[in-house]
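Take a look at the letters that make up each chain.
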Amino acid sequence: MDSDLQLLQRWRAGDDAAASRFVRRHFRRVYGFFHSKLELDADDLTQRTFEVALETSDRLERSASIVAYLLGIARKQLLFHLRTKLRRDQRIALSDIAAVDFAPSPSTIVALREEQALLLTALRRIPIEMQIVIELHYFEGLRGDEVATVLEVPEGTVRSRLRRARERLKSILETLDAPAAVRRSTVQDFERWAGEIREHRKAAADESDTS
């Protein structure tokens, strides 16, 4: 199987088949990054992310994580898009914005259990930068150094951001309209439910790559 870097290099050289394979391999991950936050803009932002990835691929180091590279671009595209949306009201700080502020709820939440749906709902109610760090670590399974690359911060900062994000997420979960037992299970077994969401997404991505 061709490596990500090989596909990206061949795409840059004009190989349409390599381009198709590269995009298909990573589409679900990049699209999912946007869909969980700005569903209506996910298609355009995903397309732009791959365009920028191609435009800047000559700067990519051989040892670099392609996933961190792509999601780092996706994060920058998202923040630029949000700043554009917020330009009309300078009183609102980007650090305070949550996905729910742009859409009450996504039209589709893929979850197999009540706890998973509750977790995904709560994520959209915390500041987007907190949502990003949780999704990168727990849903995408990125290492600390990869998360640091995406966020453009020292690796040590990732741990403190994760801790604060988990605390904010817990406080939101405890206020949601759901049976007490489900809320309690979601909080206490957070890593279990996040892990199952990660495996579900990984299986979907693997299926897409082999189709």
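Attention here is on the structure that accompanies the text.

Definitions and cut-offs
- Residues numbered from 1 in each chain as written.
- Predicted model: local features only at pLDDT ≥ 70, side-chain atom pairs only at ≥ 80, totals over all residues.
- Heavy atoms only, no water.
- Helix = DSSP H or I, 4+ residues; strand = E, 2+ residues; numbered from the N terminus.
- Buried < 20%, exposed > 50% of the residue type's maximum accessible area, 1.4 Å probe, protein only.
- Contact = heavy atoms within 4.5 Å.
- Areas by Shrake-Rupley, 256 points an atom, 1.4 Å probe, with all protein chains shown as cover.
- Axes fitted to C-alpha atoms, helices over the stretch in contact; angles between N-to-C directions.
- Parallel < 35°, antiparallel > 145°, perpendicular 65-115°, else oblique.
- Nonpolar A, V, L, I, M, F, W, Y, C, P; charged D, E, K, R; others polar.
- Salt bridge = Lys/Arg side-chain N within 4 Å of Asp/Glu carboxyl O.
- Phe/Tyr/Trp six-rings, centres within 6.5 Å; stacked < 30°, edge-to-face > 60°.
- Core = buried A, V, L, I, M, F, W, Y, C linked by side-chain atoms within 4.5 Å.

### A closer look at the overall build of the protein chain
Point 1. Counting its regular elements, the protein chain contains ten helices and zero strands.
Point 2. Walking the protein chain from its N terminus toward its C terminus, one meets helices and strands in the order α-α-α-α-α-α-α-α-α-α.
Point 3. For the protein chain, the proportion of its 211 residues judged to be buried stands at 45%.
Point 4. In the protein chain, once contacts between residues fewer than 6 apart in sequence are set aside, the share between residues at least 24 apart is 64%.
Point 5. Surface summary for the protein chain: the accessible area is close to 11,500 Å², and the carbon and sulfur share equals 48%.

### Overview of the packing of helix α6 (residues 128–139) against helix α8 (residues 155–173)
For any two helices packed against each other, one specifies the inter-axial angle together with the distance between the axes.
Point 1. One way to put it is that α6 packs onto α8 with a least axis distance of 9 Å and a crossing angle of 110 degrees. Between α6 and α8, the angle is such that the two are roughly perpendicular. Residues Met130, Val133, Ile134, His137 and Tyr138 of α6 touch α8, and the partners they reach there are Arg161, Leu162, Arg164, Ala165, Arg166, Arg168 and Leu169.
Point 2. Broken down by class, the residue content of the contact of α6 with α8 amounts to seven nonpolar, one polar and four charged.

### Topic: the pattern of salt bridges
Point 1. Under the counting rule described, the total for this entry stands at 14 salt bridges.
Point 2. Here arginine 75 and glutamate 129 are joined by a salt bridge, their closest N and O atoms 2.8 Å apart. Highlighted residues: arginine 75 in helix α4 (residues 66–86) and glutamate 129 in helix α6, separated in sequence by 54 residues.
Point 3. Of the charged contacts, one joins arginine 75 and glutamate 152 as a salt bridge, the two residues approaching to 3.7 Å between their closest N and O atoms. A residue pair is termed long-range when its members are at least 10 positions apart, and arginine 75 in helix α4 and glutamate 152 in the loop between α7 (144–151) and α8 qualify at 77 residues.
Point 4. On the basis of relative accessibility, which here comes to 9%, the residue arginine 75 falls in the buried class.
Point 5. We classify glutamate 152 as exposed; its relative accessible area is 52%.
Point 6. Each member of the salt-bridge network shares a partner with another, and the members are Arg75, Lys76, Glu129 and Glu152.

### Considering helix α5 (residues 114–123)
Point 1. Burial analysis of α5 places seven of its ten residues in the buried class, the great majority of the element.
Point 2. Glu115, Gln116, Leu118, Leu119, Leu120, Ala122 and Leu123 are the residues of α5 that are buried.

### Focus: the packing of aromatic side chains
Point 1. Enumeration according to the criterion identifies five aromatic pairs in this entry.
Point 2. Each ring, one from phenylalanine 27 and one from tyrosine 31, has its centre 5.4 Å from the other, and the planes form 15 degrees; the classification is stacked. Here phenylalanine 27 and its partner tyrosine 31 are both found in helix α2 (residues 16–35), four residues apart, which amounts to about one turn of the helix.
Point 3. By relative accessible area, which is 34% here, phenylalanine 27 ends up partly exposed.
Point 4. The partly exposed category is assigned to tyrosine 31, whose relative accessible area is 23%.
Point 5. When the ring of tyrosine 138 is compared with that of phenylalanine 190, the centres are 4.9 Å apart and the planes differ by 85 degrees; the resulting orientation is edge-to-face.

### Some details on the nonpolar core
Point 1. Within the largest apolar cluster, 62 residues are counted, with the highest numbers of intra-cluster contacts made by Ile134 and Leu169.
Point 2. Broken down by element, the residue count for this core peaks at eleven residues, all from α4.
Point 3. Dropping the residues within four chain positions of it, leucine 169 is found in contact with Leu119, Ala122, Leu123, Ile126, Ile134 and Phe190.

### Overview of the environment of glutamate 51
Point 1. One can find glutamate 51 in helix α3 (residues 42–55).
Point 2. Taking the C-alpha atoms as reference points, glutamate 51 and isoleucine 73, 22 residues apart in sequence, are found 10.0 Å from one another.

Remember, this is a structural readout, not a statement about activity or role.
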